[in-house]
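For reference, the chains in residue letters:
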Amino acid sequence: MPVAGLDCGGRWLDLSAPRVVGVLNVTPDSFSDGGSVAGIDDAVARARLMVEEGAAMIDVGGESSRPGAAPVDEDEELRRVLPAVEALAASVPVPLSVDTCKPGVMRAAVAAGAGMINDIHALAAPGALEAAAEAKVPVCLMHMQGEPRTMQQAPRYTDVVSEVRVFLEGRLEAAVRAGIPRDRLVLDPGFGFGKTLRNNYELLGRLDAVTALGVPVLVGMSRKSMLGNLLDRPVNRRLYGGVAAAALAVFHGARLVRTHDVAATVDAVRVAWAARRPDWIE
Ligand code: YH5
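Conventions adopted
Residues take numbers from 1 onward in each chain, read along the sequence in its written order. With pLDDT at 70 or above as the cut-off, local features in this predicted model cover only qualifying residues; side-chain atom pairs require 80 or more to be listed or tallied, and sums for whole chains, interfaces and linings still use all residues. Computation of side-chain values: all heavy atoms of the structure, hydrogens and water removed. Cavity: a set of points on a 1 Å grid over the protein atoms alone where a 1.4 Å probe fits but cannot get out. Pocket: an open set with protein on both sides within 12 Å along at least five of seven lines, its lining residues, like those of a cavity, having an atom within 4 Å of a point. Grid points are joined across faces, edges and corners, and a volume is the space filled by probe spheres set on the points. Put simply, DSSP marks the helices as runs of H or I at least four residues long and the strands as runs of E at least two long, and each gets a number from the N terminus on. Any Phe, Tyr or Trp ring, taking Trp's six-membered ring, that has another such ring centre within 6.5 Å forms a pair; planes under 30 degrees apart are called stacked, those over 60 apart edge-to-face, and the others tilted. Each residue gets one of three labels from its accessible area relative to the maximum for its type: buried under 20%, exposed over 50%, partly exposed in between, using a 1.4 Å probe on protein chains only. Should a side-chain nitrogen of Lys or Arg be within 4 Å of a carboxyl oxygen of Asp or Glu, the pair is scored as a salt bridge. Fitted lines through C-alpha atoms serve as axes, helices being fitted only where they are in contact, and the angles separating the N-to-C directions of these axes extend from 0 to 180 degrees. Note: crossing handedness is left-handed where the near helix turns anticlockwise from the far helix by less than a right angle, and right-handed where it turns clockwise. We call two residues in contact whenever any of their non-hydrogen atoms come within 4.5 Å of each other. Under the scheme applied, nonpolar residues are Ala, Val, Leu, Ile, Met, Phe, Trp, Tyr, Cys and Pro; charged residues are Asp, Glu, Lys and Arg; polar residues are all the others, including Gly. To sort the angles, those under 35 degrees are grouped as roughly parallel, those over 145 as roughly antiparallel, those from 65 to 115 as roughly perpendicular, and the leftovers as oblique. The cutoff for a nearby residue is simple: one of its non-hydrogen atoms must lie within 4 Å of the molecule or strand. Whenever a nitrogen or oxygen atom comes within 3.5 Å of another N or O atom, the pair is scored as a polar contact, on the condition that within protein one atom can donate a hydrogen and the other can accept it, and that pairs from neighbouring residues in sequence are kept only if both atoms are in side chains. Only the protein chains shown count as covering a residue, and every accessible area follows the Shrake-Rupley method with a 1.4 Å probe. What decides whether a molecule sits in a cavity or pocket is whether more than half of its atoms lie within 2 Å of the grid points.

Participant: How do you make sense of empty space enclosed by the protein when you look at a structure like this?
Facilitator: Leftover empty space is mapped by rolling, across the atoms, a probe with the size of a water molecule. Taken as a whole, this structure holds 1 cavity of 30 Å³ or more when the rule is applied. Of the volumes computed, that of the largest cavity is approximately 70 Å³. The wall of the largest cavity is formed by Val219, Met221, Ser222, Leu239, Gly242, Val243, Ala246, Val257, Arg258, Thr259, Asp261 and Thr265. If you list the elements that add at least two residues to the lining of the largest cavity, you get helix H9 (239-251) and strand S10 (256-259). With 4 residues, the top contributor of residues to the lining of the largest cavity is H9.

Rendered as structure tokens:
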């Protein structure tokens, strides 16, 4: 099951080796509020820097999905995301993914130049399967237990690894039935989304159970509480833990690593890939 790559609406994302996805928040609490002119300039500058550092894709998000975050309505999300996607598509060469659960945002963002849909709800919203199928771009399906506002209150599993795998297989099947070909799908175990600290590390250590499904796997652990709580570090001191986690994920078969810290993660990914596939050296 060789993983070739993804056609992201005309921009090719080569996945013959693992790639790094740069996180670009366009929310009012970040500088890059996509809705303002200064926000757009800032978003473009940040994206350019991440591409220079080696990002192969930029993930644009207008809805904060941190634990406890309140939902954002569709008009507000469109106001943040669309101008940013349009400007970014014209100024960076790499494909863009749009981090959204809303069918209306999926359609509009793809029309504005986004080349992938990144849905933390795995196309569960009414109309999302249809919107994603019609958009004809790759889709990342992520596992979450519960909803962002309450998901960290009491995560519960008998076996987190098999439950995440079974969930992702089910969503993969639902997406294929809705007309999204298997070779356009990416899976994500959803680190931090309705998981205890121990659940997150069980998943990281046994990630091969997910990568064995034969579909490219994306992971996002950058700056999250699974690093902060293990290491007792505030959000601005989680870089070393984050690069270690990225390396382990790649060693266990992840092909996409979503991160705020592109330069450091690119190096970590290369080291892990060399250990997984020494035949690639030279
Ligand atoms: C993900 O894992 N995560 S948004 C809490 C933090 C730091 C960062 C300070 N979108 C993922 O990045 N999409 C997000 O504590 C995602 N996979 C995919 N596919 C949450 C985030 C974060 C949350």
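Participant: How do you make sense of the packing of aromatic side chains when you look at a structure like this?
Facilitator: Two aromatic rings, taken as a pair, are described by how far apart their centres are and by the angle between their planes. Enumeration according to the criterion identifies 1 aromatic pair in this entry. Measuring from ring centre to ring centre gives 5.6 Å for tryptophan 273 and tryptophan 280, while their planes differ by 75 degrees; the resulting arrangement is edge-to-face. The class of tryptophan 273 is buried, set by a relative accessible area of 7%.

Participant: Sorry, what's going on with the pattern of salt bridges here?
Facilitator: Should the charged atoms of two oppositely charged side chains come close, the side chains can pair. Scanning the model with the defined rule gives 13 salt bridges in all. Glutamate 169 serves as the salt-bridge partner of arginine 165, at 3.6 Å between the closest nitrogen and oxygen. Highlighted residues: arginine 165 and glutamate 169, both in helix H5 (residues 160-177), separated by 4 residues, approximately one helical turn. The partly exposed category is assigned to glutamate 169, whose relative accessible area is 33%. The residue aspartate 261 makes a salt bridge to arginine 223 at a minimum N-O spacing of 2.7 Å.

Participant: So what exactly am I meant to see when it comes to the packing of H9 against helix H10 (residues 262-276) here?
Facilitator: Contact geometry for H9 and H10: axes closest at 8 Å, N-to-C directions at 30 degrees. Where H9 crosses over H10, the handedness of that crossing is right-handed. For the pair formed by H9 and H10, the contact residues are Leu239, Val243, Ala246, Ala247, Val250 and Phe251 on the first element and Ala264, Thr265, Ala268, Val269, Ala272, Trp273, Ala275 and Arg276 on the second. Residues of the contact of H9 with H10, tallied by class, amount to 12 nonpolar, 1 polar and 1 charged.

Participant: Would you mind showing me how to read the layout of surface pockets here?
Facilitator: Computed from the structure, the largest pocket encloses a volume of approximately 1,100 Å³. Looking at the lining of the largest pocket, the elements that each hand over two or more residues are strand S3 (19-25), helix H1 (37-52), helix H6 (197-205), strand S9 (218-220) and helix H8 (225-231). By residue class, the composition of the lining of the largest pocket is 16 nonpolar, 18 polar and 13 charged. Taken together, 14 residues form the lining of the second largest pocket, with Ala17, Pro18, Arg19, Val269 and Arg270 sitting closest to its centre. Where the lining of the second largest pocket is concerned, the elements lending two or more residues are S3 and H10.

Participant: Is there a simple way to explain the packing of helix H2 (residues 74-91) against helix H3 (residues 103-111) in this structure?
Facilitator: The description of two packed helices rests on the angle between their axes and on the distance between the axes. Two elements in contact, H2 and H3, have axes separated by 10 Å at closest approach and are oriented at 20 degrees. The pairing of H2 with H3 is recorded here as roughly parallel in orientation. Note that H2 runs across H3; the crossing there is right-handed. Contact residues: Glu74, Glu77, Leu78, Leu82 and Val85 in H2; Gly104, Val105, Ala108 and Ala109 in H3. Here the residues of the contact of H2 with H3 are counted per class, giving 6 nonpolar, 1 polar and 2 charged.

Participant: In this structure, what is going on with the site of the ligand? I would like to understand it.
Facilitator: In the region of the ligand, 18 residues are neighbours, and Asp99, Asn118, Asp188, Lys224 and Arg258 sit closest. Aspartate 99 is positioned with one of its side-chain polar atoms (N or O) 3.1 Å from a nitrogen atom of the ligand. One nitrogen or oxygen atom from the side chain of asparagine 118 is found 2.7 Å from a nitrogen atom belonging to the ligand. Protein chains bury 92% of the 520 Å² of accessible surface belonging to the ligand in isolation. Placement of the ligand is best described as lying within the largest pocket. Contributing elements (two or more residues each) for the shell around the ligand: strand S7 (139-142) and S9. Tallied by class, residues from the shell around the ligand come to 6 nonpolar, 5 polar and 7 charged.

Participant: Would you take a moment to explain the environment of phenylalanine 191 for this structure?
Facilitator: Mapped onto the elements of the fold, phenylalanine 191 is located in the loop between strand S8 (185-188) and H6. Sequence spacing of phenylalanine 191 and methionine 142 is 49 residues, and the spatial spacing of their C-alpha atoms is 9.2 Å. Residues within four places of phenylalanine 191 in sequence aside, it is in contact with Asn200, Leu203, Leu204, Leu207, Val219, Gly220, Met221, Lys224 and Met226.

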